[in-house]
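# Structural features, examined
These are the residues of each chain, in order.
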Amino acid sequence: MIRVLRLGVEPSDIFLIEIIADNEIETTYLAVDIYGARKIINKDVDRILQILLRSLHLDSPHDPTITKHRTNRLFEIMKEDPIVAASFNYNGINIKGKLYPTLFEALCGIICGQRMTFSRIPTMMGKMASQTAPGVRFKGYIYPAFPYADEIIQKGEEELRKCGLGFRASRILQLANTWMKNNFEELEMTNSPSLKEELLKLPGVGPYTANLALTLTAGINNDDLSEMSEPHIDSFVRTLIGYFYFNREIQSEEDTLRFVKSRWGENAEEIISHLTTNTHEWATSLGFKLPIRSGAKALYQPEKI
């Protein structure tokens, strides 16, 4: 696994992180190699490890009682729901989505997901990064960092549209302008308790989007945010639920949310993560011919030097 992290505003503050597991199925050990254009100091290592621990859920507390309750409930659901059972049997019972390293990147990812199948989000985000931000050279390729708000502003809407963003280009540009104007970069660094209230001042950000962005950001302490358990419903999720449970009739976002919460309760978000991972591989065995593909294997190919 390769990730690119920015620890500062200079191109030399971009680091490529190569993560190697001892076993891809039952991982017990991870080795982390860090590459950059300048000498890596202890402060860099500490920040990188902190982001990795959070973004890969490696810092999640383990409570045997909670884990047993969760597992028992999942097995009950799987007995009654062959679709859920197929997704868990294929993907395994423990998978968690990766978190964004910064709040700004999380918001951009949410915007890219608007009225869009999940599989295209990594490609759009990757193209936006390569077109607007510097990167790091590694093994014959250039791996771009994710752009800061001012870099997006400098490129402008026309360049963003070339990345396949469509109408989202203007929304991301508007987000970047407001982000810079209101010094959100500094607010995110302070991890202020009022961060959610400040996010609601951003264009197009309501309570749901604010909660989702905070949930998806590795550097945010979200322990006190009580609304974080709401499942995320996008066009990909709506399509899958429609095909699996409503005879291919796609429901509205509100009806889909109501359905998954009623059917799976506190397990809804986790089940959705499984349903949207490697979907074609396990759904084909059940006879489903889906019109869209899972984003779980979608990768942005870096630029070759």
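Described in the following lines is the structure provided in the data block.

Basis of the calculations
Residues numbered from 1 in each chain as written. Predicted model: local features only at pLDDT ≥ 70, side-chain atom pairs only at ≥ 80, totals over all residues. Heavy atoms only, no water. Core = buried A, V, L, I, M, F, W, Y, C linked by side-chain atoms within 4.5 Å. Buried < 20%, exposed > 50% of the residue type's maximum accessible area, 1.4 Å probe, protein only. Helix = DSSP H or I, 4+ residues; strand = E, 2+ residues; numbered from the N terminus. Contact = heavy atoms within 4.5 Å. Phe/Tyr/Trp six-rings, centres within 6.5 Å; stacked < 30°, edge-to-face > 60°. Lys NZ or Arg CZ within 6 Å of the ring centre and 35° of its normal. Salt bridge = Lys/Arg side-chain N within 4 Å of Asp/Glu carboxyl O. Axes fitted to C-alpha atoms, helices over the stretch in contact; angles between N-to-C directions. Parallel < 35°, antiparallel > 145°, perpendicular 65-115°, else oblique. Left-handed = near helix turned anticlockwise from the far one by under 90°. Nonpolar A, V, L, I, M, F, W, Y, C, P; charged D, E, K, R; others polar. Pairing = 2+ DSSP bridges.

Here we come to the nonpolar core. Residues F104, L107, M128, L165, I172, W179 and L199 are the most contacted members of the largest nonpolar core, which totals 34 residues. When contributions to this core are tallied by element, the ones reaching two or more residues are α4 (103-112), α5 (121-132), α6 (149-161), α7 (168-181), α9 (195-199) and α10 (207-215). Top element by residues in this core is α4. It accounts for eight residues. Ignoring any residue separated from it by four or fewer positions in sequence, one finds L107 in contact with L175, W179, L199, L202, V205, T209 and A213. Formed by 27 residues, the second largest nonpolar core is a distinct cluster that contains F88, L240, F244 and L290.

Next up on the list: the environment of E105. Mapped onto the fold, E105 is located in helix α4. Overall, E105 belongs to the buried group, its relative accessible area being 15%. For the pair E105 and A149, spaced 44 residues apart in sequence, the C-alpha separation works out to 9.4 Å. Residues in contact with E105, not counting those within four places in the same chain, are Y100, M125 and F146.

Here we take up the environment of G109. As for its placement among the helices and strands, G109 is situated in helix α4. Accessibility expressed as a relative area gives 5% for G109, which makes it buried.

Our focus in this paragraph is the packing of aromatic side chains. Taken as a whole and assessed by the stated rule, the structure comprises 13 aromatic pairs. Here the basic side chain of R6 rests over the ring of Y148, its NZ or CZ set 4.0 Å away from the ring centre.

Pairing is possible between side chains of opposite charge, provided their charged atoms come close. One pass over the structure, following the stated rule, counts ten salt bridges. When the shortest N-O distance is used, the salt bridge between R263 and D81 registers 3.1 Å. Separated by 182 residues along the polypeptide, R263 in helix α12 (residues 253-264) and D81 in the loop between α2 (64-80) and α3 (82-91) bring together distant segments of the chain. For R263, a relative accessible area of 35% corresponds to the partly exposed category. Note on D81: relative accessible area 3%, which makes it buried.

Let us look at the packing of helix α11 (residues 235-245) against α12. Where α11 contacts α12, the axes come no closer than 10 Å and their chain directions differ by 60 degrees. One finds that α11 runs oblique with respect to α12. Where α11 crosses over α12, the two elements pack in a sense that is left-handed. Contacts between α11 and α12 involve V237, R238, I241 and Y245 on the former and, on the latter, E253, T256, F259, V260, R263 and W264. By residue class, the composition of the contact of α11 with α12 is six nonpolar, one polar and three charged.

Where strand β4 (residues 135-138) and strand β5 (residues 141-144) come together, four bridges link them in antiparallel fashion. Counted as the bridge partner of F138 is Y141 from β5. Where β4 folds back onto β5 in an antiparallel hairpin, the turn is made up of two residues, including K139, whose phi is positive at roughly 50 degrees.

For a regular strand, side chains alternate in direction, first toward one face of the sheet and then toward the other. Across the eight residues that make up strand β2 (residues 14-21), a large majority, six, are buried. One ladder, built from five bridges, connects strand β1 (residues 2-6) with β2; its direction is antiparallel. Directly across from R3, in β2, lies its bridge partner I17. Across seven bridges, β2 lies against strand β3 (residues 30-36) in antiparallel orientation. Across the sheet, the residue bridging to F15 is G36, located in β3.

Pairing is antiparallel across the open sheet formed by three strands, whose spatial order is β1-β2-β3. The open sheet terminates on both sides in strands that have one partner only, identified here as β1 and β3. On average, each strand axis in the sheet is inclined to that of its neighbour by 25 degrees, with strand direction left out of account. Together, β1, β2 and β3 form the strand contacts of helix α1 (residues 42-55), whose direction differs from that of β2 by roughly 55 degrees.

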